[in-house]
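Residues per chain are reported as follows:
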Amino acid sequence: VALDLETDPLRSGLVRSLERPRTNVTGLFLDQPAITAKWFELLRQAVPKARRINLLWESSTGPWQLAAAKEVAQKMKFDVDTLVVRDDSEFEQELANGMKRGADALMLLSSPLVRARSKAIAEFCTRQRLPAISPFAEFARAGGLMSYGPDVQDFYLRAATFVHRILKGARAGDLPLLLPTQFELVLNQSAAAALNLELAPALRAAANELIR
C-alpha cells in the first residue's frame, strides 16, 4: 500500500491502470502534472513578475514530478533551473548556488527529506528574500510564503482503509488507486509583507489558512 506524493504510478510501471492496478501495488498518489501546474499558477498570482523559478528536487524520489514540473513550466513560459540534492548535507550549498545563478522564486518538489527541512528552507528564503512554494504546510507556518498540497494526515487515514481491506481478503491489484481532490492552501502574510508583495484579495480568500 503506497502513500506516494512523488511517483507517477503509470509511467513508473507500478500499476497497469488506476482503476485496476493488476499488480501487488495500490494506494494513494498525486496527479503530478495537475499539482505542479497549480504551484506555478499560485506563484504567478503571488509574484506576477516572476519568470525564473528554481526547482528544489531530491533525486531519490525519481524523475516523474521533476519532468512534470519542467513540462508545465515550458507551457506556462517560465524558465526553470533544477537544484539537485541527494542527502541532508547538500541543501544549504545547493540553495546558495541557485541564488548565485539567479531566481525570482523557489519551488520545493515533494520528498520526505524536503518536508523534514521545511523550517530550515523557510529560514533561508527569509534571509534571501526569496518567494517560495512548498507542498507542505509546515513550510508556510515556519515563515515561507505559501504552501499547497494534500492533507498528509488524511493520506495516512485513507491508506489505513486499504490495509484494512487487504487484511479482510481483498487483493491489492483489484483496489483502485486514489488521487486526492482536496488540497490546502496556506499563505503567510508576514512573509509576503517582508517580500513587498501584495497578495490579491482573491488569493487570500482561497486560502484555507492565512498566517498574519
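Residues numbered from 1 in each chain as written. Predicted model: local features only at pLDDT ≥ 70, side-chain atom pairs only at ≥ 80, totals over all residues. Heavy atoms only, no water.

### A few points about the sheet that holds strand S5 (residues 105-108)
Inference 1: Within the open sheet, the seven strands sit side by side as S4-S3-S5-S6-S7-S8-S9. Their pairing is mixed. Of all the strands in the sheet, just strand S4 (79-85) and strand S9 (209-211) have a single pairing partner and so form its edges. Along the sheet, successive strands turn relative to each other by an average axial angle of 20 degrees, direction set aside.
Inference 2: Relative to S4, strand S3 (residues 52-58) runs parallel, the two sharing seven bridges. Residue pairing in the sheet places Leu 56 in a bridge with Leu 83 of S4. (Pairing = 2+ DSSP bridges. Helix = DSSP H or I, 4+ residues; strand = E, 2+ residues; numbered from the N terminus. Axes fitted to C-alpha atoms, helices over the stretch in contact; angles between N-to-C directions.)

### Some words on the environment of Ala 170
Inference 1: Within the fold, Ala 170 resides in the loop between helix H7 (152-167) and strand S8 (183-188).
Inference 2: With sequence-adjacent residues up to four places away left out, Ala 170 is seen in contact with Arg 165 and Leu 175. (Contact = heavy atoms within 4.5 Å.)

### Quick look at the pattern of salt bridges
Inference 1: Summed over the entire model, instances satisfying the criterion amount to 13 salt bridges.
Inference 2: A salt bridge links Arg 11 to Asp 8; its shortest N-O distance comes to 3.9 Å.
Inference 3: Here Arg 86 ties to Glu 90 by a salt bridge, and the two come within 3.0 Å at their closest N and O atoms.
Inference 4: A relative accessible area of 54% means that Arg 86 is categorised as exposed.
Inference 5: Several salt bridges converge on common partners, so that one network encompasses Arg 20, Arg 171 and Asp 174. (Salt bridge = Lys/Arg side-chain N within 4 Å of Asp/Glu carboxyl O. Buried < 20%, exposed > 50% of the residue type's maximum accessible area, 1.4 Å probe, protein only.)

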